[in-house]
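# Per-entry structural report
Residues per chain, in single letters:
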Amino acid sequence: MEVIICQDADEAGRRAARRIAAILSRTSDPVLGVATGSTPIPTYRALAALVAEGAVDVSRMSAFALDEYVGMPVDDERSYADTIRRTVTEPLGLDPSAVHVPDGMAEDLVAGCQAYEEAIREAGGIDVQILGIGGNGHIGFNEPTSSFASRTRLKTLAPRTRQDNKRFFAEGERVPTHCVTQGLGTIMDAGHVLLLANGQEKADAVAAAVEGPVSSMCPASILQHHQHAVVVLDEAAASRL
Ligand code: GLP
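Residues numbered from 1 in each chain as written. Predicted model: local features only at pLDDT ≥ 70, side-chain atom pairs only at ≥ 80, totals over all residues.

The name given to the protein in an unreviewed UniProt entry is Glucosamine-6-phosphate deaminase, and the organism recorded there is Acidipropionibacterium acidipropionici. In its Catalytic activity (unreviewed entry) section, the UniProt entry covering the protein states "alpha-D-glucosamine 6-phosphate + H2O = beta-D-fructose 6-phosphate + NH4(+)". The UniProt entry for the protein carries the following text under Pathway (unreviewed entry): "Amino-sugar metabolism; N-acetylneuraminate degradation; D-fructose 6-phosphate from N-acetylneuraminate: step 5/5." (UniProt positions renumbered as here; feature names shortened; annotations may be inferred.)

Written as structure tokens, this is what we have:
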């Protein structure tokens, strides 16, 4: 794993965006793996600036998101489909029909997950996957004990994740209990992975992922086995390394 420690989240975003741009420019039909959460926002902003400068060509680019809540309408602003539209599709100027998010409203969720895997395969696989990390070491919504071989599937959210994500829901509103998420096996198939983390509250999870034993109790630790894994951190997130 290559670990890059930056002064702050904005510098981390710029460094990450430059890496992503370099990887994507090597292929004619680039496929970007995108994550939700607050962490990748500076990266998307920096990437949008590179697109505006003409340093990244998005005309043939497609994108696949990691995960989605089950039962959340896609036009709800808390849905990951809507979050990706606001933070990635529109700022980067991607063709909306080339941006894919797992379907958490599918009548047959299992078939939807299989179709998602198939769509990634048909696109030629993900060239570079952007990842955040949960306080419990999750990537996507692969909670502790997730199988390293897992593919896109239905998962129950861990109590800690529901607690962490409670801030997006109104008082008394029910935080979703289930999600569909790319599996750890799906993520490991990406050509490159870029794990981003900012802030002191991620320092323990980052240390476990980067320096701890490879263990399903810290799902992000599987990235130690990836051939091309880069971890971009601000100083606070790197403070326990
Ligand atoms: C959610 C997402 C993850 C994300 C995590 C961290 O649980 N499913 O993909 O990495 O939140 O979010 P944040 O970047 O806001 O800390």
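### Remarks on the sheet that holds strand β1 (residues 2-6)
Hydrogen bonds between backbone atoms are what pair the strands of a sheet, whose relative direction is either parallel or antiparallel. Taken together, 7 strands build an open sheet; the order of strands is β1-β10-β9-β6-β2-β3-β5 and the sheet is parallel. This sheet does not close on itself; its edge strands, each paired only once, are β1 and β5 (99-100). Here 2 bridges tie strand β2 (residues 31-34) to strand β6 (residues 128-131), and the two strands are oriented parallel to one another. Residue pairing in the sheet places Gly33 in a bridge with Gln129 of β6. Contacts from helix α1 (residues 9-24) reach β1, β2, β6, β9 (192-197) and β10 (229-234) within the one sheet, and its direction differs from that of β10 by about 160°. (Pairing = 2+ DSSP bridges. Helix = DSSP H or I, 4+ residues; strand = E, 2+ residues; numbered from the N terminus. Contact = placed C-beta atoms within 7 Å. Axes fitted to C-alpha atoms, helices over the stretch in contact; angles between N-to-C directions.)

### Re helix α2 (residues 41-52)
Between the first and last C-alpha of α2 there are 17 Å, a value that for 12 residues agrees with the 16 Å anticipated at 1.5 Å per step. For α2, the complete set of buried residues consists of Pro42, Thr43, Tyr44, Ala46 and Leu47. If you follow the buried residues of α2, they end up packed against α1, α3 (80-92), β6 and β9. Remark: Gly54 follows α2 within two positions and exhibits a positive phi of approximately 85°. (Expected span 1.5 Å × (residues − 1). Buried ≥ 20, exposed ≤ 12 C-beta atoms within 10 Å, placed from the backbone.)

### A few points about the packing of α2 against α3
Two elements in contact, α2 and α3, have axes separated by 9 Å at closest approach and are oriented at 10°. In this view, α2 runs roughly parallel relative to α3, as classed from their interaxial angle. Judged by residue contacts, Ile41, Tyr44, Leu47, Ala48 and Val51 of α2 engage Thr87, Val88, Pro91 and Leu92 from α3. For the contact of α2 with α3, the per-class residue count stands at 8 nonpolar, 1 polar and no charged. (Parallel < 35°, antiparallel > 145°, perpendicular 65-115°, else oblique. Nonpolar A, V, L, I, M, F, W, Y, C, P; charged D, E, K, R; others polar.)

### Observations concerning the UniProt feature "active site" (unreviewed entry) in the protein
The feature "active site" (unreviewed entry), as annotated in UniProt, sits at Asp67, Asn136, His138 and Glu143 in this numbering. Here Asn136 is to be found in the loop between β6 and β7 (153-156). For Asn136, a count of 19 C-beta atoms within 10 Å corresponds to the partly exposed category. The contact partners of Asn136, leaving out residues within four places of it in the chain, are Glu143, Pro144, Ala158, Arg160, Thr161 and Ala205. Judged by the 27 C-beta atoms lying within 10 Å of it, His138 is buried. Here His138 is in contact with Glu143, Thr161 and Pro219, once residues within four sequence places are set aside.

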